[in-house]
Amino acid sequence: MKLRLEEVIDEVIDALPSGQPFDLMSDVAIPVPILVIVHVLGVEPDRRREFRDWSEAVILSLNPFRSSEQAARAEWGSAQLTAYFTDLMAARRASPQEDLISDMVKLQADGAALSDDEVRVNLSALLVGGNLTTTDLIGNGVWLLLTHPEEWRKLTADPAALSSSAVEEILRFEGPVAITSRVTEAPPQVCGREIPAGQLLITSLHGANRDPEVFEDPDRFDITRKRAPHVAFGGGAHICIGAPLARLEAKRVLQRLAERFPALRLTQVDPPKWRTLPFFRGSELTCPLPDPSV
Ligand code: HEM
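Reading the values: rules and limits
- Residues numbered from 1 in each chain as written.
- Predicted model: local features only at pLDDT ≥ 70, side-chain atom pairs only at ≥ 80, totals over all residues.
- Heavy atoms only, no water.
- Phe/Tyr/Trp six-rings, centres within 6.5 Å; stacked < 30°, edge-to-face > 60°.
- Helix = DSSP H or I, 4+ residues; strand = E, 2+ residues; numbered from the N terminus.
- Buried < 20%, exposed > 50% of the residue type's maximum accessible area, 1.4 Å probe, protein only.
- Lys NZ or Arg CZ within 6 Å of the ring centre and 35° of its normal.
- Near = heavy atom within 4 Å.
- Polar contact = N/O pair within 3.5 Å; in protein donor to acceptor, adjacent residues only side chain to side chain.
- 1 Å grid on protein atoms, 1.4 Å probe; cavity = no way out; pocket = protein on both sides within 12 Å on 5 of 7 lines; lining within 4 Å.
- Sits in = over half its atoms within 2 Å of the grid points.
- Nonpolar A, V, L, I, M, F, W, Y, C, P; charged D, E, K, R; others polar.
- Donors = N, O, S within 2.8 Å, 3.2 Å for Na, K, Ca; no water.
- Axes fitted to C-alpha atoms, helices over the stretch in contact; angles between N-to-C directions.
- Parallel < 35°, antiparallel > 145°, perpendicular 65-115°, else oblique.
- Left-handed = near helix turned anticlockwise from the far one by under 90°.
- Contact = heavy atoms within 4.5 Å.
- Points joined across faces, edges and corners; volume = space filled by probe spheres on them.
- Salt bridge = Lys/Arg side-chain N within 4 Å of Asp/Glu carboxyl O.
- Patch = residues over 30% accessible without salt bridge, like charges linked within 9 Å, V, L, I, M, F, W, Y side chains within 5 Å.
- Areas by Shrake-Rupley, 256 points an atom, 1.4 Å probe, with all protein chains shown as cover.

**With respect to the packing of aromatic side chains**
Piece 1. Scanning all chains against the criterion turns up six aromatic pairs.
Piece 2. With centroids separated by 5.8 Å and ring planes inclined at 55°, the aromatic side chains of Trp 54 and Tyr 84 adopt a geometry described as tilted. With Trp 54 in helix α4 (residues 48-59) and Tyr 84 in helix α5 (residues 68-94), this residue pair connects regions lying 30 residues apart in the sequence. Here Trp 54 matches Tyr 84 in class, with each residue buried.
Piece 3. Among the aromatic residues, those joined into a cluster by ring pairs are Phe 51, Trp 54, Tyr 84 and Phe 85.
Piece 4. The positively charged end of Arg 210 is found above the aromatic ring belonging to Phe 173, 3.9 Å away from the centroid.
Piece 5. For the cation-ring pair, Arg 281 lies above Trp 274, with the distance from its terminal atom to the ring centre recorded as 3.6 Å.

**Quick notes on the site of the ligand**
Piece 1. Taken together, 24 residues are adjacent to the ligand, and Thr 180, Arg 182, Gly 235, His 238 and Cys 240 come closest.
Piece 2. In this structure, an oxygen atom belonging to the ligand sits 2.6 Å away from a side-chain N or O atom of Thr 180.
Piece 3. Here His 238 contributes a side-chain N or O atom positioned 2.7 Å from an oxygen atom of the ligand.
Piece 4. When atom positions are compared with the pocket grids, the ligand is found to occupy the largest pocket.
Piece 5. Mapped onto the shell around the ligand, the elements with two or more residues apiece are α7 (116-129), α8 (131-147), β1 (179-183) and α12 (243-260).
Piece 6. For the shell around the ligand, the per-class residue count stands at 14 nonpolar, nine polar and one charged.

**Looking at the coordination of the iron atom of the ligand**
Piece 1. Only one protein atom coordinates the iron atom of the ligand: Cys 240 (SG), located 2.3 Å from the metal.
Piece 2. By the secondary structure assignment, Cys 240 is in the loop between α11 (205-209) and α12.

**Regarding the packing of helix α3 (residues 31-41) against α8**
Piece 1. Close contact between α3 and α8 brings their axes to 8 Å; oriented N to C, the two are set at 135°. Considering their axes alone, α3 and α8 lie oblique with respect to each other. Our pair here, α3 against α8, has a crossing hand that is right-handed. Two secondary-structure elements touch here, α3 through Val 32, Pro 33, Ile 34 and Ile 37 and α8 through Asn 131, Thr 134, Thr 135 and Ile 138.
Piece 2. Looking at the contact of α3 with α8, its residues break down into five nonpolar, three polar and no charged.

**Focus on the layout of surface pockets**
Piece 1. Each pocket or cavity is described by its volume, and for the largest pocket that value is around 1,500 Å³.
Piece 2. A total of six residues in the lining of the largest pocket trace back to one element, the largest contributor, which is α7.
Piece 3. Residue composition of the lining of the largest pocket, grouped by class: 30 nonpolar, 13 polar and two charged.
Piece 4. In this structure, the second largest pocket occupies an estimated 820 Å³ of space.
Piece 5. As for the second largest pocket, its lining consists of 30 residues, and the residues nearest its centre are Phe 22, Leu 24, Leu 266, Thr 267 and Gln 268.
Piece 6. Residue assignment for the lining of the second largest pocket shows that the elements contributing at least two residues are α2 (24-29) and α8.

**A look at the pattern of salt bridges**
Piece 1. This model, assessed by the stated rule, comprises 25 salt bridges.
Piece 2. Between Arg 256 and Asp 10 there is a salt bridge, with the nearest N and O atoms lying 3.4 Å from each other. Of this pair, Arg 256 sits in helix α12 while Asp 10 sits in helix α1 (residues 2-14), placing them 246 residues apart in sequence.
Piece 3. Linking Arg 49 and Asp 53 is a salt bridge whose minimum nitrogen-to-oxygen distance equals 3.5 Å. Note that Arg 49 and Asp 53 are positioned in helix α4 at a spacing of four residues, about one turn of the helix.
Piece 4. Look at Arg 49 and you get partly exposed, because its relative accessible area is 33%.
Piece 5. In the salt-bridge network here, residues are joined through shared partners; they are Lys 2, Glu 6, Asp 10, Asp 14, Arg 252, Arg 256 and Glu 259.

**Remarks on a nonpolar patch on the surface**
Piece 1. Together, Val 183, Leu 200 and Ile 202 make up an exposed nonpolar region whose accessible area comes to about 320 Å².
Piece 2. Within the element layout of this structure, Leu 200 appears in strand β4 (residues 200-204).
Piece 3. Taking the relative accessible area as the measure of exposure, Leu 200 reaches 55% and is therefore exposed.

Honestly, it's all geometry; don't read function into it.
Printed below as a string of structure tokens:
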């Protein structure tokens, strides 16, 4: 689907005004991930406003300090997604299409050990998992590039060649997800200390991505840095399943922005107000969500 997805992204960038300010978050960083994932899953693009609302609601369940109001909102989002996917699975069983939901219900019909709940949970994870994170990758990236003019200059000199390494450096330097967790099986040794089996470990992806033993001068933002193994998408069996998609989206957005607006600059110089949701790094959205009809 790469070519179709790139077209979807290009339409978003082409729709930006020339010679006037635009809001990067509401005009680009929010719509791109949601438009892309609705194409992959095969859900109706004109319901994307609701998908975004449900995603923002479900994500609140990841906040250990959530208020009872936020907990209720998270449950509401989850119930909406469950109801929506239940109906859609029935519709695709009756009339399959060229999309991921049809593939999943076909697998079930062919005897795969996959319950309806498992299909729904996976579909919800795909719909929700890439929204806020990829929005933040684009938002953090453009902010970093425009506050490091030398890096922006390098990118605009050769957008096709450098957009990919720029994305990797943004992921390393200001990754949208700060931590992940693991439960120990055998008692591992960490820094010379034994951790018992069955313990929950919280691992800092941000810490690992600024490790001076792995990255030379780790606090320097450099889009031409030699490829180094950041862990912004986690690792091992549970490495982010959406990583290739997030990379495709961010790379295309940066490349097209740099080609179309080489003189792009910020209209405000205050740093973004960072999200208060723990463990996620991105700009707190003060702008309204985009109008679904646009
Ligand atoms: C810049 C964007 C993204 C970042 C930084 C990110 C980051 C992560 C991280 C750190 C994990 C945990 C991995 C681990 O514990 O080893 C994860 C898991 C996951 N991500 Fe992403 N993600 C992004 C985009 C996406 C997208 C676009 C999708 C879906 C289309 C997605 C779906 C998922 C799912 C389903 C999991 C769970 C995988 C599993 O447990 O096996 N993510 N992501």
